[in-house]
Amino acid sequence: MLRVERLTVEGLTKNIVTDEKHPHFSYKLFSDKEDVVIDVCEITVKNLMGEIYWEKKTNEQIEITYEGKALESSSSYIVSIDVKDNKGESASASTEFSTGLMADTWPARFITDGTYSFTEKKVSPRPLVFRKTIKPAGKIKRAYIYATALGIYELYIGSEKIGNRYFAPGFTSYKNNLQYQTYDVTDKFMEKDECTLDFTVAGGWAVGSFVFSRINRFAADRQALSALICLEYENGEADMIATDESWMVSQQGLVQMADLYDGETFDNTVSLENIKWNNASFEDLRVAPDIYAECGAPVTEHEEFTPIDSWYLEDKKETIYDFGQNFAGIVKFKVKGAKAKQTVVIKHAEILNPDKSLNTSFLRTAKATVTYICSEGDQSFSPSFTYMGFRYISVSGINKENIEIKAVALYSDITERGSFECSNEMLNKLQKNISWGAKSNFVDIPTDCPQRDERMGWTGDIAVFSPTACFNFELVRFLKKWLKDVRSEQLSTGGIPNTVPVNGYGFPVTMPKMAIDWWGDAAVLVPWALYMAEGDIQILKDNYEMMKKYVNACKRWAALLSFGKHRYIWHTPATLHFGDWVAPDVPMMQQWQKRSKWTATASLCNTSKVLSQIAAILGKTEDAEKYNRLSANVADAYESVFTDGNGKLKEEFQTAYVLPLQFGMFRDENKKRAVKNLSRLIEKNDYCIGTGFPGTPYILFALADNGRVEDAYKMLLNTKCPSWLYEVKAGATTIWERWDGLDENGQCPIGDDGTDTMISYNHYASGAVGDFLYRRVAGIEPIKAGYKEFKVKPVPGGNITSAKAVIDTPYGIASSSWNIEDSVFNLEIKVPVGCRCIVELPDLSTRSFGSGSYKLTTRL
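Residues numbered from 1 in each chain as written. Predicted model: local features only at pLDDT ≥ 70, side-chain atom pairs only at ≥ 80, totals over all residues. Heavy atoms only, no water.

(A) Representation of the overall build of the protein chain. In terms of regular secondary structure, the protein chain is built from 16 helices and 46 strands. Expected size for 860 residues packed as a compact globule is a radius of gyration near 29 Å; at 28 Å, the protein chain falls within 12% of this value. Partitioning the intrachain contacts of the protein chain with sequence separation of at least 6 by distance along the chain shows that 72% fall at a separation of at least 24. Looking at the protein chain as shown, the accessible area adds up to about 32300 Å², and 47% of this sits on carbon and sulfur atoms. Distance between charge centroids for the protein chain: 4 Å, based on 98 positive and 112 negative side chains. (Helix = DSSP H or I, 4+ residues; strand = E, 2+ residues; numbered from the N terminus. Rg over C-alpha atoms; globule rule 2.2 N^0.38 Å. Contact = heavy atoms within 4.5 Å. Areas by Shrake-Rupley, 256 points an atom, 1.4 Å probe, with all protein chains shown as cover. Lys, Arg positive; Asp, Glu negative; His and termini not counted. Charge placed at Lys NZ, Arg CZ, Asp CG, Glu CD.)

This is the structure we're talking about:
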C-alpha cells in the first residue's frame, strides 16, 4: 500500500497564502513494502475553474518549484499529485492554496491617531483602536482582509476575534521587511448586513519598549495600521476598501497598557460604543520595508496547564499557583460574581523565594504583570499583546474560590518532528527540558529567554542549538523568515549583528561594524543545519552570498596587523568577543571573553570548512578550494601557536581542546595526545562540564568519537554541579542559562562574579547536547541532506540499556531503536520511501537498507 502522508505548498498543508510567483511543493509517502522508490510523480496545478496552469513529471519530493503560467493575485489554485512507485502501486493527493496581493507596492496607506504624541521613554505607547463599519453593496461571494501594522495588532469583527495569531504582523527587521496577514471573513459578511471591524494596535517590537535598555519608537513614532478589505459580489463586481481618514481611532479602548516586558492592563468596564473617537490620519513612515505575505510561523496557542498546587500568603494577600512547568505563555481565567472596578492583579515568575513568594528579581526591569479591571458579574479574560516566561503566578484582588485559572503556552506554529527516549529516566527528562526550552524561545524569532527584559534574537544561541532544534521541530518557515532578516541586517563590512532583528541593540559599542565569532556564525551554521534537516538546496542558495561575506570578514579581522601564521589567529581584543560564554570553570564574564583567541580561531576554521562544503554542493569549485585552504591554514596556525606541537595546549581549558578535536584541527599524530589531555582535564574536574557556548555542543562528540566513550557517558550522566543532569536533579523543567542556577537547597546564588542577575531558567543553548543523544546514543544521523541517506550507528555506554530516536524527515519516518539483553544487541530501524540507511553495528559489521522496517541482532 502506497499513500501520500503529506502535501505542502510553501511548507504549509492548509490556510496557504503566498506571494511567491514560483511556489514550492513537497510531499512525503508511506509504503508497507521494502525498497520502495518513486517511479514518477505527476504534478498538476489548476485554478478553481479547472484550467491547467502547470504539469510536470518528476521523481523529486522536496521543494519542487512551480514553473507554469503566471499566477494571478488574490486567486485560489489546486495542486494535485499522482505518484507511482517501483512496486506498481500508486497514490494521489491534492490541496488548495491561494496567492496574496503579489504587489510590488503595498496598495493601502498607513493610518494613525494624529492627535497622539508618544514621547515617554522606556515604556510602550498606549494601545490604539481603529474602527471601520462596512456595509456591502450586494450579496457577498467572498470577503477577505489584508492587514499589517507597525506595532502588533488584533482584529475583531463584532465580538469575535479573527484568526488565531498572536503578535501579528510578527517580529521582523522593520526597516527592511514587514509581513501582512490574510483573513477570509466571507462567513462574517454573509451573516450580517454590515460588519464593524475593530483593530487594536499595541506598540509591540516596532514602537514599544524593547531590549534591556528599554529603547522605544525604534521603527515608528507611534503605531500605524494598514489594511485592505476586498469584497467580491455574486454579480461579479467588487469593492476594495483601504485604510484612510474615514476610519475612526481612539486611545480609550479596553486595553489600557500593553508591553512585551511589563504585561497588559485591561479595563472590562470600557464600552467601545461610549468612548471618544476621532478620524484617523495618514502616517508617513520612517521606514520603507518590503511588505509581503506572511512567510514565517505565526505565534499561536499550544499546550494548556492547570495548577498542580496553590497556597495563600497572608502577609502579601495573594495566592500563589504552580503550573508544574516553566514555559512562555499567558494565563486565562474566569471570574465569578465580580464587582464593577474590582481589580485582579497577576504577576509571573520562574522560581520562588525561600518564603514561597514569587522571585521576580531576575526579571530585572520587566514587570510581567496582568492587571484586569472587572465589570459587574461573571467574565473571562486572557492577555493578547504580551507574554511571560513563568512557572508560578501570584493572584491578588480576588478570593481563590471566585477565580478559575489556567495557563497556555504560546510559541510559533512549529510541528514537533523528532523524539528521543532511553532507559535512563533522567535523560528522558533532559530531552523534555530541551524541547520546552526551544518551545519557550521560538516565539516568532529564536530568542534567548522568555521572561526578563530581553527576549532578543541572540544569534549565538541558535547558532549552537540549530542541529538539535532541527531534529526536534520542523523549522523551515520559522528559520527561513529569520534568515531573511539576518541577510537584511548583515553589516556592510560582512559582520552579523549579535541580535537579529537588531531593534536598537548594538555590541560591541566601540566597534559596531566588527564580525563576532560564534554569534555571527549563525549566518553559516543555521542555514547548514536547516539544509541538512530539510534537504532544500534553495536554503543554501539564498544564504550563500551572506555566508561568504561573513567568513571573508572573519578572515580580515583575524589577519589584522598580523604576520605569518598569526594571520589566521583571530586575536582582536577580548572585550570585542563573547569567548567561552558562561563557561562554569572560571568565575567571571571577563574570563569567558579572555578565551576568545581560541574560540574565535576555531570558529574561523569551522565556518570556512562548512562554507567549502556548501560551495562544493552548489558547484562553486573555486570557492570550495579557497575556503578549504583557509580552514586548513587556520587549523595549522591553531596547533602551531596554541600548542607545544605534541597535542598539549600551552593554556589548557576544556573548550580549547574540544573545538579543534571536533573540527579536525589537530594533526593525526597529535590527536590522540590531545584527546588524552582533554580526558585528563575532565577527570580532574570530576567529569563536570567546563565549556561555554562554543564547546558545549561538541564536548561529548570530541570524547566519544575519539575512543573515550565511557568518559563521554560519565560526563553526560553526571549529576554533580555543573552538569546537565544536575539541573534535572534540581527540578528543572527547561534548560538554564547558567549551570549553577539553583543550589542544592533550591535557591539561586547571586554571585559577585560580574554577572549579577544574569540568570534565566529558560535558555536553550546548552540543550545543544540533544544532538549527541540523537546521533550517538540513539545513533541516527543524516549523511545526505533531508535524510535522503542516513546512518544508524548507536554508541552504547554508561548504564544505558536501550534508546530510541524517531524523526519525521521530509521523506517520512526514520527511526533507530535498540536494546541490550543478555549481552545481545537488538536494533530496529525504519527507512522512509526513497531513502537509504547505512547501519553499523557495535561488532563493526555494516549493512545497507532501502525503505522499510528491519530488525538486526548481534552479540556484544
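(B) A look at the side chain of Asp-711. Mapped onto the secondary structure, Asp-711 falls in helix α14 (residues 709–716). Ignoring sequence-local partners within four residues, the contact set of Asp-711 consists of Ser-679, Tyr-687 and Leu-703.

(C) Representation of the pairing of strand β26 (residues 318–338) in the model. When you tally the buried positions in β26, you get 16 out of 21 residues, the bulk of the element. Summarising the sheet, strand β25 (residues 309–313) and β26 pair through five bridges and their orientation is antiparallel. Directly across from Trp-311, in β26, lies its bridge partner Ile-320. Joining the antiparallel neighbours β25 and β26 is a turn of four residues, in which Lys-317 adopts a positive phi near 55 degrees. With seven bridges joining them, β26 and strand β32 (residues 388–396) adopt antiparallel strand pairing. Note on β32: the bridge partner recorded for Thr-319 is Val-395. (Buried < 20%, exposed > 50% of the residue type's maximum accessible area, 1.4 Å probe, protein only. Pairing = 2+ DSSP bridges.)

(D) Focus on the packing of helix α9 (residues 596–617) against helix α10 (residues 621–642). Where α9 meets α10, the axes come as close as 7 Å, and the angle between the chain directions of the two elements is 160 degrees. Taken together, α9 and α10 sit at an angle that is classed as roughly antiparallel. Of the two elements, α9 crosses α10, and the hand of that crossing is left-handed. Between α9 and α10, the contacting residues are Lys-597, Trp-598, Thr-601, Ala-602, Leu-604, Cys-605, Ser-608, Lys-609, Leu-611, Ser-612, Ala-615 and Ala-616 on the first element and Asp-623, Ala-624, Tyr-627, Asn-628, Leu-630, Ser-631, Val-634, Ala-635, Tyr-638 and Phe-642 on the second. Its residues assigned to classes, the contact of α9 with α10 comprises 14 nonpolar, five polar and three charged. (Axes fitted to C-alpha atoms, helices over the stretch in contact; angles between N-to-C directions. Parallel < 35°, antiparallel > 145°, perpendicular 65-115°, else oblique. Left-handed = near helix turned anticlockwise from the far one by under 90°. Nonpolar A, V, L, I, M, F, W, Y, C, P; charged D, E, K, R; others polar.)

(E) Spatial organisation of a positive patch on the surface. Judged by side-chain charge, Lys-555, Arg-567, Lys-626 and Arg-629 come together as a positively charged surface patch. Relative to the helices and strands, Arg-567 is located in the loop between α7 (537–559) and α8 (589–593). (Patch = residues over 30% accessible without salt bridge, like charges linked within 9 Å, V, L, I, M, F, W, Y side chains within 5 Å. Salt bridge = Lys/Arg side-chain N within 4 Å of Asp/Glu carboxyl O.)

(F) Representation of helix α12 (residues 668–684) within the structure. Helix length check: α12 (17 residues) gives 25 Å between terminal C-alpha atoms against 24 Å at 1.5 Å per residue, within 8%. Lining the buried residues of α12 we find α10, α11 (654–662), α13 (699–704) and α14. One or two positions beyond α12, positive phi appears at Asp-686, with a value near 60 degrees. (Expected span 1.5 Å × (residues − 1).)

(G) Region of interest: the packing of helix α3 (residues 425–441) against helix α16 (residues 770–777). Put simply, α3 and α16 touch, their axes get as near as 10 Å, and they point 125 degrees apart. Compared by their axis directions, α3 and α16 come out oblique. Contact residues: α3 offers Leu-427, Gln-431 and Ile-434, while α16 offers Gly-770, Leu-773 and Tyr-774.

(H) A look at unusual backbone geometry. The amide bond that connects Ala-168 to the next residue, Pro-169, takes the cis arrangement and shows omega of 10 degrees. Counting through the fold element by element, Pro-169 comes out in the loop between β13 (160–161) and β14 (177–184). Cis geometry marks the peptide bond from Cys-721 to Pro-722; its omega dihedral reads 5 degrees. Tracing the chain through its elements places Pro-722 in the loop between α14 and α15 (724–729).

(I) Highlighting the nonpolar core. Residues Ile-145, Phe-189, Leu-197, Phe-199, Phe-442, Trp-482 and Leu-716 are the most contacted members of the largest nonpolar core, which totals 259 residues. In this view, Phe-442 contacts Tyr-411, Ser-412, Ile-414, Ile-462, Phe-465, Ala-469, Phe-473, Leu-475, Phe-478 and Tyr-764; residues no more than four positions away in its chain are not counted. Ile-16, Leu-29, Val-36 and Ile-38 belong to the second largest nonpolar core, which has 26 residues in total. (Core = buried A, V, L, I, M, F, W, Y, C linked by side-chain atoms within 4.5 Å.)

(J) Spotlight on the pattern of salt bridges. In total, this model carries 54 salt bridges according to the counting rule given. The residue Asp-259 makes a salt bridge to Arg-214 at a minimum N-O spacing of 3.4 Å. Of the two residues, Asp-259 sits in strand β19 (residues 255–259) while Arg-214 sits in the loop between α2 (204–207) and β16 (224–233), which places them 45 residues apart along the sequence. By relative accessible area, which is 2% here, Asp-259 ends up buried. Here Glu-781 ties to Arg-775 by a salt bridge, and the two come within 3.2 Å at their closest N and O atoms. The pair Glu-781 / Arg-775 is uniform in exposure class, with both members buried. Counted as one network, the salt bridges with shared partners bring together Asp-705, Asp-771, Arg-775, Arg-776, Glu-781 and Lys-791.

(K) Fine view of the sheet that holds strand β44 (residues 836–840). If you walk across this open sheet you meet the four strands as β39-β40-β44-β45, and the pairing is mixed. Each edge of the open sheet carries a strand with a single partner, namely β39 (780–782) and β45 (846–849). Neighbouring strand axes in the sheet, compared pairwise and without regard to direction, differ in orientation by 20 degrees on average. Sheet topology note: the strand β40 (residues 789–792)/β44 ladder contains four bridges and is parallel. Following the sheet pairing, Glu-789 is matched in β44 by Arg-836.

(L) Region of the structure containing the sheet that holds strand β35 (residues 418–422). With antiparallel pairing, five strands are arranged side by side in an open sheet as β35-β41-β42-β43-β46. The open sheet has two free edges, formed respectively by β35 and β46 (852–859), since each of these has just one partner strand. Each neighbouring strand pair of the sheet contributes to a mean axis angle of 10 degrees, computed without reference to strand direction. Where helix α4 (residues 459–472) meets the sheet, its contacts fall on β35 and β41 (802–809), and the angle it forms with β41 comes to roughly 80 degrees.

(M) Broad picture of the side chain of Asp-623. Following the sequence through the fold, Asp-623 ends up in helix α10. Owing to a relative accessible area of 15%, Asp-623 belongs among the buried residues under this scheme. Those residues within four positions of Asp-623 in sequence are excluded, and the remaining contacts are Tyr-544, Lys-548 and Ala-615.

(N) Local environment of the packing of aromatic side chains. Under the definition given, this model contains 56 aromatic pairs. The interplanar angle of 15 degrees and the centroid separation of 5.6 Å between the aromatic rings of Phe-210 and Tyr-261 together place this pair among those described as stacked. With Phe-210 in the loop between α2 and β16 and Tyr-261 in the loop between β19 and β20 (263–267), the pair connects residues that are 51 residues apart, well separated along the chain. Residues Phe-210 and Tyr-261 agree in their burial class; the two are buried. (Phe/Tyr/Trp six-rings, centres within 6.5 Å; stacked < 30°, edge-to-face > 60°.)

(O) Highlighting the environment of Thr-858. Of note, Thr-858 is situated in strand β46. Taking relative accessible area as the criterion, Thr-858 reaches 9% and is therefore assigned buried. With near-sequence residues (within four places) excluded, Thr-858 lies in contact with Ser-823, Val-824, Phe-825, Leu-841, Pro-842 and Asp-843. Looking at Thr-858, its side chain comes within polar contact range of the side chain of Asp-843, at 2.6 Å. (Polar contact = N/O pair within 3.5 Å; in protein donor to acceptor, adjacent residues only side chain to side chain.)

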